[in-house]
Amino acid sequence: MKHHYLGLAARKKGAWRSLFVHGSKHDLNHLKIYLEERYQGEAMLTKNGRSALALALKGYFNKGDKVIVNGFTCYAVFEAVKAAGLMPVFADISKENLNFTVETLLKVADGAKGIIVQNTLGNPVDIEAIERFAKERGLLIIEDLAHSAGINYKDGREAGTVGVATALSFGKDKSIDTISGGAVIFRAPRKHEIQAPTKAPKKSDNFRARFYPMAGAMCRGLSYVHLGGVVMKLFLKLKMVEKSADNRLDLIVRPAKFEAKLALEQLKELKNEPPLREFYLVRSRDEVLKKLKKAGYYFDGFWYEKPISPARYYSKVHFPEADCPNAVVVAETIINFPTHYKKAELEAARKIVKEYL
Ligand SMILES: *Cc1c(COP(=O)(O)O)cnc(C)c1O
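Everything numeric here is computed off the predicted structure, so don't read it as measured data.

A. Focus on the domain arrangement of the protein chain. Each domain of the protein chain was delimited in the assignment, giving domain 1 (22-186) and domain 2 (279-354). Distance between the C-alpha centres of domain 1 and domain 2: 23 Å. In this complex, domain 1 contributes 21 residues to the contact, which on the side of domain 2 involves 27 residues. Taken together, the two surfaces of domain 1 and domain 2 that pack against each other cover about 2,000 Å², and 69% of this comes from carbon and sulfur. Between domain 1 and domain 2 we count 0 salt bridges in total. Applying the counting rule to domain 1 against domain 2 returns 8 residue pairs in polar contact (both at pLDDT 80 or more). Only β3 (73-74), α5 (75-83) and β4 (87-91) provide two or more residues apiece to the side of domain 1 that touches domain 2. Across the side of domain 1 that touches domain 2, the residue classes break down as 9 nonpolar, 6 polar and 6 charged.

B. Quick peek at the packing of helix α11 (residues 285-294) against helix α14 (residues 347-354). Remark: α11 packs on α14, axes separated minimally by 10 Å, with the N-to-C direction vectors making an angle of 155 degrees. Compared by their axis directions, α11 and α14 come out roughly antiparallel. In terms of crossing hand, the pair formed by α11 and α14 is right-handed. Packed against α11, whose contacting residues are Val288, Lys291 and Leu292, the element α14 presents Ala349, Ile352 and Val353 at the interface. Classifying every residue of the contact of α11 with α14 by side-chain character gives 5 nonpolar, no polar and 1 charged.

C. Quick peek at the pairing of strand β6 (residues 140-144). Most of β6 sits inside the fold, with 4 of its 5 residues counted as buried. In this sheet, β6 lies alongside strand β5 (residues 112-117) in parallel orientation, the contact comprising 4 bridges. Counted as the bridge partner of isoleucine 116 is isoleucine 142 from β6. Running through helix α7 (residues 127-137), the crossover from β5 to the neighbouring parallel element β6 is right-handed.

D. Seen up close, the site of the ligand. Neighbouring residues of the ligand: 14 residues in total, closest Gly49, Arg50, Asp144, Ser169 and Lys174. One of the side-chain N or O atoms of arginine 50 is found 2.7 Å from an oxygen atom in the ligand. Within the side chain of lysine 174, a nitrogen or oxygen atom sits 2.7 Å from an oxygen atom of the ligand. Elements supplying a minimum of two residues to the shell around the ligand: α4 (49-60), β3 and α5.

What counts and what doesn't
- Residues numbered from 1 in each chain as written.
- Predicted model: local features only at pLDDT ≥ 70, side-chain atom pairs only at ≥ 80, totals over all residues.
- Heavy atoms only, no water.
- Domains from an automatic or database assignment.
- Contact = heavy atoms within 4.5 Å.
- Buried area = accessible area lost by both parts, 1.4 Å probe.
- Salt bridge = Lys/Arg side-chain N within 4 Å of Asp/Glu carboxyl O.
- Polar contact = N/O pair within 3.5 Å; in protein donor to acceptor, adjacent residues only side chain to side chain.
- Helix = DSSP H or I, 4+ residues; strand = E, 2+ residues; numbered from the N terminus.
- Nonpolar A, V, L, I, M, F, W, Y, C, P; charged D, E, K, R; others polar.
- Axes fitted to C-alpha atoms, helices over the stretch in contact; angles between N-to-C directions.
- Parallel < 35°, antiparallel > 145°, perpendicular 65-115°, else oblique.
- Left-handed = near helix turned anticlockwise from the far one by under 90°.
- Buried < 20%, exposed > 50% of the residue type's maximum accessible area, 1.4 Å probe, protein only.
- Pairing = 2+ DSSP bridges.
- Right-handed = clockwise from strand over helix to strand, strands pointing away.
- Near = heavy atom within 4 Å.

Rendered as structure tokens:
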């Protein structure tokens, strides 16, 4: 298995920074302009990634259209497709890179109008093959960069510069991580008019976003005395933090100003260091997780324990397991490392995992 490594340098600058950084309305504007130059289109800033994706879909598809979704993904993607009034169809994945392939697309492409390319955990899809396929079939490509902002495809093009629209998430543990926020870039003329979100986010949501990096740092610190999980549960109960899967889709709220400021800093740093989650497919995953916990690692979940995660939303999806056997196996065996450990800190974790390959 390939080794992947991720660097979220900007985020590591600190939990304190996130708590107290001051943003202004210029930061919203600067971020928008930067995105428009980098991804060559018209940008809108959104509350989170799923809202960005929903706006992208609404811009180019009609109600009831079928769009193809990677068969191993986050519930947020399903939610976005539904919010746009579209019908998701799931394509099975390759175990090598966790993405659909032309072969698996072929099985579900009949009658579909679009494809959401995801570059799972930062592993690029075979974009040339997929683009050719999409052209032949008249499918529009939407690129979802939640996992893959800053990466390049094999042919040298940057992810996000291929499809008709590009959606970014600035959510927890995503390539750009300001805890919440997102953006959509419309790269081709839209079919339907879309209003840019302009409503300021709630103060309580801003507090939760500012506090989360500190909460995470505290829990990682406490995990060496096996208290990380307990303390995070307490923060959740007190509503001082929120699980990322519960961040609501909302098409009229924009990100906070400080989030725009942090997102822009991180985007600029992405150039040379694509963020990726290192993954392995293991036997006896529960045992591996127990060992990792014992070794002092704090994993607040890995991606993904169900083909469409988190597990508590899975039954709503009616996922076609029989048609996506690889996705089912991968969801049962995958383990991947959180983005907030440094390379050296993960050495012991790697050693544990390698005994179970
Ligand atoms: C998390 C995620 C999103 C949406 O992100 P939010 O900011 O949490 O709404 C979209 N696509 C993928 C693949 C994701 O993992």
